[in-house]
Amino acid sequence: MVALLAVAALFQIQLPGTQPGELRFRFSDPATCNNCHRGFDGSAGDTWTGSMMANAARDPIFLAALAIANQDVEGSGDLCLRCHSPRGWLEGRADPPDGSRLNATDRASGVDCDFCHRLEEGDGHIGNSQFSVADESISYGRYGSGFAEHMTAPSDFVTSSELCGLCHDVTNPLTGFPIERTYTEWRNSAFWSEGEGCVDCHMPGTPGLLSNRDGPPERTLHAHDLAGGNVWMPTVLASVYPEEADAFLYAADKAREMLQSAAEVTVQAPEVASWGGLVEFTVRVENQSGHKLPTGYPEGRRCWLEVEVRDGAGDLLLHSGVWDAASADRLNDPQLRTYEARLNQGGNLESFHFMLSDNRLLDDRIPPRGFRPAPGTEPVGRTYPTLPDGALAHWDEAPYVVMVPESAPGPLSIRAVLRYQTTSRAYVEFLRDENRTDDSGQMLYDLWLEHGQSAPEPIAEAVGQIALRAPLPPDMGPIETPDMGLGDQPDPDAPVPDAPEGCRAVPGGPGAPAPLALLAALALVGRRSRRG
């Protein structure tokens, strides 16, 4: 690996696809597109503006990570800028690869209208932004339109998951190490085989108008908010760019909606348990998304379960997965259940240096439904059962145990919340402390302090309840029935006589007094064993 990295002094790795300087037709500014595609309900321009796609080149986490990547492998920022500023990269402004030559439009538009709508299938490459861009002033879409004031053409590729896969699979081209595998996770799930793609969840369609001009008919209008799980960063950007605050807060709301559709949580617990001992229960988390939960870049992004158990008086008996606001961190505990990936850099040294990573220390993220792992996507550190059809289970059943004091009143109340965090304290501090190039890490850290320190968002919640009873007495042999003065009991095999006329028949006929005697005996035992 060291030898491979050594040859990358200028990162001259030629990847397939359209290259910088090849396009004769430059990209249109998004402001030009907004003349027709912004300013009405659900418009592409309005929903895109606050998205993380639109802001991919000015995301403070990206800028801080870009500096570390270039430090670790000189010139490797070229790989990053291909995805985060394809306009700047194609037009030659990714040299030098620190992003210093990106212009204001590059930074403000990130992954923009004209780039996506000029993409062609090309040679079918996936990942690392190995894209093919049409060298003409055309806009591909689901429909061709005779009403547009520019060239249009229908294209299946523009709504395909393969287009998304151009950037949402990332591999270190020097080592072949899989850094991110969102597209592959989807491609190896039941969502692919059932024909449900990225657009169906991240760009849902509703009837509407595609333009504010007169003439175009009502068609399916696809949302361009491209929501993922990042609620925190749009709220940060709303303060950095207050003139666009409404768009960013809209993006945060859409991300929160997306998160809340990503999983289902249920509590599986016994109906009754004894106080004065251990009580076991399970929390089931089912992944409803079309990729791992969570997916994307592994550095700092994570989910976990927060579980509380309280007795009937409200006293806390168990609290796992605590978010400590004072330290802005998740507290570890013996029963903590996590869903995250951790990469390492040589041996077993955990590291956030993604350009130097060579293995996965942990990947306990929950697979999607119907998932059959491809190389580099197998679970690490947790086993997900293989189902009869050969796929991995798309749920996790997290076991918990709680000690219930003898004096605890019932019932027990269980509350389980699945939480998601965009970035951790450890990652933000890494980006600050490891930066020897510029102040992007410190700027990120300051924003993190000012804006809630990326507190986790709830994804799903469930509650449960367990009734409490006194523990059953130890086995003392058969219970002797006290003499209740009822005389000899009849032979159980004897025929049952008819009930006397005018009397209510009791189930069990003449044998009915025996259960009464048994209940009396149990009452005596109960009085002897009752506590308090």
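Parameters and conventions
Residues numbered from 1 in each chain as written. Predicted model: local features only at pLDDT ≥ 70, side-chain atom pairs only at ≥ 80, totals over all residues. Heavy atoms only, no water. 1 Å grid on protein atoms, 1.4 Å probe; cavity = no way out; pocket = protein on both sides within 12 Å on 5 of 7 lines; lining within 4 Å. Points joined across faces, edges and corners; volume = space filled by probe spheres on them. Helix = DSSP H or I, 4+ residues; strand = E, 2+ residues; numbered from the N terminus. Buried < 20%, exposed > 50% of the residue type's maximum accessible area, 1.4 Å probe, protein only. Polar contact = N/O pair within 3.5 Å; in protein donor to acceptor, adjacent residues only side chain to side chain. Axes fitted to C-alpha atoms, helices over the stretch in contact; angles between N-to-C directions. Left-handed = near helix turned anticlockwise from the far one by under 90°. Contact = heavy atoms within 4.5 Å. Nonpolar A, V, L, I, M, F, W, Y, C, P; charged D, E, K, R; others polar. pLDDT = per-residue confidence, 0-100. Disulfide = S-S within 2.5 Å.

Peer 1: So what exactly am I meant to see when it comes to empty space enclosed by the protein here?
Peer 2: Where empty space is left in the structure can be found by rolling a water-sized probe over the atoms. Counted according to the given criterion, the structure contains five cavities of 30 Å³ or more. Each pocket or cavity is described by its volume, and for the largest cavity that value is around 110 Å³. Residue lining of the largest cavity: 15 residues in total, with P178, I179, E180, R181 and R365 positioned closest to the centre. Of all the secondary structure elements, the ones that give two or more residues to the lining of the largest cavity are β6 (178-181), β16 (338-344) and β17 (359-363). Looking at the lining of the largest cavity element by element, the count peaks at four residues for β6.

Peer 1: Can you help me understand the environment of S193 in this one?
Peer 2: In this fold, S193 is placed in helix α11 (residues 190-193). With a relative accessible area of 52%, S193 lands in the exposed category. Looking at S193, its side chain comes within polar contact range of the main-chain oxygen of A190, at 3.0 Å.

Peer 1: I would appreciate a short explanation of the packing of helix α15 (residues 425-433) against helix α16 (residues 440-450) in the present structure.
Peer 2: What describes two packed helices is the angle between their axes and the distance between those same axes. Orientation of α15 relative to α16, taken along the N-to-C sense of each, is 145°, at an axis distance of 7 Å. With respect to the hand of their crossing, α15 and α16 are arranged in left-handed fashion. Of the residues in α16, those in contact with R425, V428, E429, L431 and R432 of α15 are G441, Q442, L444, Y445 and W448. Tallied by class, residues from the contact of α15 with α16 come to five nonpolar, two polar and three charged.

Peer 1: Teacher, can you tell me more about the side chain of R82 here?
Peer 2: Here R82 lies in helix α5 (residues 77-84). Of note is the side chain of R82, whose polar atom sits 3.0 Å from the backbone oxygen of S129. Residues within four places of R82 in sequence aside, it is in contact with L15, P16, W89, N128, S129, Q130 and F131.

Peer 1: Help me understand the confidence of the model for the chain, please; the structure alone is not making it clear to me.
Peer 2: Atomic detail in the predicted coordinates should be set aside for any region of low pLDDT. Counting all residues, the mean pLDDT for the chain is 88, and 86% of those residues have values of 70 or more. Scored below 50 in pLDDT, residues 494-532 shows 19 contacts in the model against residues more than four places distant or in partner chains.

Peer 1: What's the story with the state of the cysteines in this structure? I'm lost.
Peer 2: What we call a disulfide is simply a covalent bond connecting the sulfur atoms of a pair of cysteines. This structure, assessed with the given rule, holds zero disulfides. With no disulfide partner, C80 has as its closest neighbouring cysteine sulfur the one in C83, 8.7 Å distant. C80 sits in the buried class, given a relative accessible area of 11%.

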